[in-house]
Amino acid sequence: MTKKIRVRFAPSPTGPLHIGGLRTALFNYLFAKKHGGKFIVRVEDTDQNRYVGSSEKHIMDSLKWCGIEIDEGPRNKGSFGPYRQSERKDFYNLKIQELLKKGHAYYAFDKKEELDFHRKDHEKKGRTFMYNAHNRLKLSNSLSLSIEDTNKLLDSGAEHVVRFKTPVEKEVVCRDELRGVVRVSTKTIDDKILFKSDGMPTYHFANVVDDYEMKISHVIRGEEWLPSLPLHWLLYDAFGWEVRPKFVHLPLILKPEGKGKLSKRDGDRFGFPVFAIQWKDEEIIKGYKEHGFLPESVVNFLSLLGWNPGNEKELFNIQELIESFSLEGLNKSGARFDPEKNKWFNHAHIQKTKNSLLVEKIENEFSEHLTLFDKEKLNTIAELIKPRLNTLNEINVCASFFFKTPDSYNEKHFNKLKKANFKEILSGLIELVGSAENLAEIKPALEVLVQKNEWSFGKVMGLFRLSLVGDLSGPDLFQIASLIGKDTCVLRMTLLSKALES
Ligand code: GLU
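Since the structure is predicted, the reported quantities are computational estimates derived from the model, not experimental observations.

A few points about the site of the ligand
Here is step 1 of the chain: In the neighbourhood of the ligand, the contacting residues comprise Arg8, Ala10, Pro11, Ser12, Glu44, Tyr203, Asn207, Arg221 and Trp225.
Here is step 2 of the chain: Arg8 has a polar side-chain atom sitting 2.7 Å from an oxygen atom of the ligand.
Here is step 3 of the chain: Between the ligand and Arg221, the relevant distance is 2.9 Å, taken from an oxygen atom to a side-chain nitrogen or oxygen of the residue.
Here is step 4 of the chain: For the ligand, the protein covers 84% of the area, taking 300 Å² as the surface of the free molecule.

Now the structure itself:
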């Protein structure tokens, strides 16, 4: 029987969920769903100093917005809970006692100043201080002290931590599913703290015992955790656990330039969001949602950062991603974040979205100007502006002239057209529009008028468009005219004529 797929996303609630974490969550989710497994969220909140109260909500809301559904988690049911590490203290206490009894962990009483001294002293000699087999018997711990002295210290409530007793000079042979076998000598690993003086486990300890206890089959996480893999591997050995999850370390997301890890500051620099949804702290930082991105486009874009489907297909909805996803499609090397591609995906997904979503946005944006517009017209407007939208927020510019008289004209075109026989042309146009039956079909009549007067067709269209739109871009002008109606067209052309005259 094949093992049940159980994967977890294990964020530390230290701030907002950024896109790197979101991608990790997404890949875990896709993998679980592809194999009919479970997607678990475990909140790793054992670091009291870095804990941020509103972080968990931001993480959960971000996943929800992206359509990533949680099977087990702090706000969902599950038989392996609690799913917040701060609620699992008793369990960690039992587990650390087990490791101490087995002789794979020990108490350490060294004071901060003493360790600082050793660190500095080593630095001076051009070396790095490591607390491990090489020197642990010379330091203050239950390996160097007698049992009586150790107990005395513990009984007196002396401040202490629990460290891992890294095996002496052993080669750890661990495996990452993307990179294959990774060999590391224990000489290079220090005796990591497993339990802190505040009575809380460290990340390494809580993470490993929880993965085991929650029967996690695959650990899929960021590459920054690859250096911790040997320690995690050794912890499984120390407990005598033969079944380990498979480990997969996802490639980094790189800066738009292609070098270095993507950071929040890159978002500011290039003007793209780094969160799914808005984060409120001292200041408000907008996310993809507030920038007018569709969740399906964010999911699609992120899915291709470090994974490829093995063919040319680029546009996926989440169901298609679930069907196509496989660990074999993951890349080892970093994935460059391309803000232009990000927008391209959003544009592409907007084309696939229902007009009703755009109509709703239009209604919200222009609620005060909607009196003359029935639903039918709004649907046509949505259809007309759709191909021009990179984000939903652009609706306020792209659809504005349907509802509002342009409050300014494109300066360059305005100055150019000022030199033309604008008065004559605009009054001709006003007459034509005023007497037309169907504005959507006046083009042939307009052509006749242009020919008769020997006007330049370009200038005529330029003036017509500038008056209605305020610029020389936008969807089909005759459709615009027909949607805004005769009276509005005449009014706007009169206004332009006056403006050009002055
Ligand atoms: N709490 C760790 C983090 O925030 C989890 C790392 C892991 O998945 O093992 O990245």
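A closer look at the packing of aromatic side chains
Here is step 1 of the chain: Applying the stated criterion to the full structure yields 25 aromatic pairs.
Here is step 2 of the chain: Centroid distance Phe195 to Phe205: 5.9 Å. Interplanar angle 70 degrees. Geometry classified as edge-to-face. Remark: Phe205 occurs in helix α6 (residues 203-213) and Phe195 occurs in strand β7 (residues 193-195); sequence separation between them is 10 residues.
Here is step 3 of the chain: The class for Phe195 is buried, based on a relative accessible area of 6%.
Here is step 4 of the chain: Residue Phe205 is classed as buried on the basis of its relative accessible area, which comes to 0%.

Side note on unusual backbone geometry
Here is step 1 of the chain: In this model, Gly81 is joined to Pro82 through a cis peptide bond whose omega is -5 degrees.
Here is step 2 of the chain: Along the chain, Pro82 turns up in the loop between α2 (55-65) and α3 (89-101).
Here is step 3 of the chain: For Glu169, which is not glycine, the phi dihedral falls at a positive 35 degrees.
Here is step 4 of the chain: By the secondary structure assignment, Glu169 is in the loop between β4 (161-164) and β5 (171-176).
Here is step 5 of the chain: A positive phi angle, close to 55 degrees, is found at Lys215, a residue other than glycine.
Here is step 6 of the chain: Looking at the element boundaries, Lys215 is found in the loop between α6 and β8 (218-222).

Details of the environment of Leu330
Here is step 1 of the chain: Of note, Leu330 is situated in the loop between α10 (318-324) and β13 (335-336).
Here is step 2 of the chain: Distance from Leu330 to Trp307, taken between C-alpha atoms, is 4.3 Å for residues 23 residues apart in sequence.
Here is step 3 of the chain: When neighbours within four sequence positions are excluded, Leu330 is seen to be in contact with Phe27, Leu178, Val248, Leu250, Gly306, Trp307 and Phe325.

Overview of helix α12 (residues 355-365)
Here is step 1 of the chain: Of all the residues in α12, the buried ones are Asn355, Leu358, Val359 and Ile362. Buried residues of α12, viewed axially, fall in a sector of 105 degrees; they line one side.
Here is step 2 of the chain: Elements that come into contact with the buried residues of α12 comprise α11 (339-352), α13 (375-385), α14 (395-398) and α15 (400-403).

What to know about the side chain of Arg163
Here is step 1 of the chain: Inspection of the secondary structure assignment puts Arg163 in strand β4.
Here is step 2 of the chain: In this structure, Arg163 is buried with no salt-bridge partner, the nearest side chain bearing the opposite charge being Asp110 at 4.9 Å.
Here is step 3 of the chain: In this structure the side chain of Arg163 is engaged in a polar contact, spanning 2.8 Å, whose partner is the backbone oxygen of Asp191.
Here is step 4 of the chain: Residue contacts for Arg163: discarding those within four places in its chain leaves His104, Ala105, Tyr106, Ala108, Leu115, Tyr131, Asp191, Lys192, Ile193 and Leu194.

Focus on the pairing of strand β3 (residues 105-108)
Taken residue by residue, a regular strand's side chains alternate between the two faces of the sheet.
Here is step 1 of the chain: By the alternation rule, side chains of β3 split into Ala105 and Tyr107 and Tyr106 and Ala108, which are all buried.
Here is step 2 of the chain: In the sheet, β3 pairs with β4 via four bridges, with the strands oriented antiparallel. Counterpart to Tyr107 in the pairing with β4 is Val162.

Criteria and thresholds
Residues numbered from 1 in each chain as written. Predicted model: local features only at pLDDT ≥ 70, side-chain atom pairs only at ≥ 80, totals over all residues. Heavy atoms only, no water. Near = heavy atom within 4 Å. Polar contact = N/O pair within 3.5 Å; in protein donor to acceptor, adjacent residues only side chain to side chain. Areas by Shrake-Rupley, 256 points an atom, 1.4 Å probe, with all protein chains shown as cover. Phe/Tyr/Trp six-rings, centres within 6.5 Å; stacked < 30°, edge-to-face > 60°. Helix = DSSP H or I, 4+ residues; strand = E, 2+ residues; numbered from the N terminus. Buried < 20%, exposed > 50% of the residue type's maximum accessible area, 1.4 Å probe, protein only. Contact = heavy atoms within 4.5 Å. Arc of directions from axis to C-beta. Lys, Arg positive; Asp, Glu negative; His and termini not counted. Salt bridge = Lys/Arg side-chain N within 4 Å of Asp/Glu carboxyl O. Pairing = 2+ DSSP bridges.

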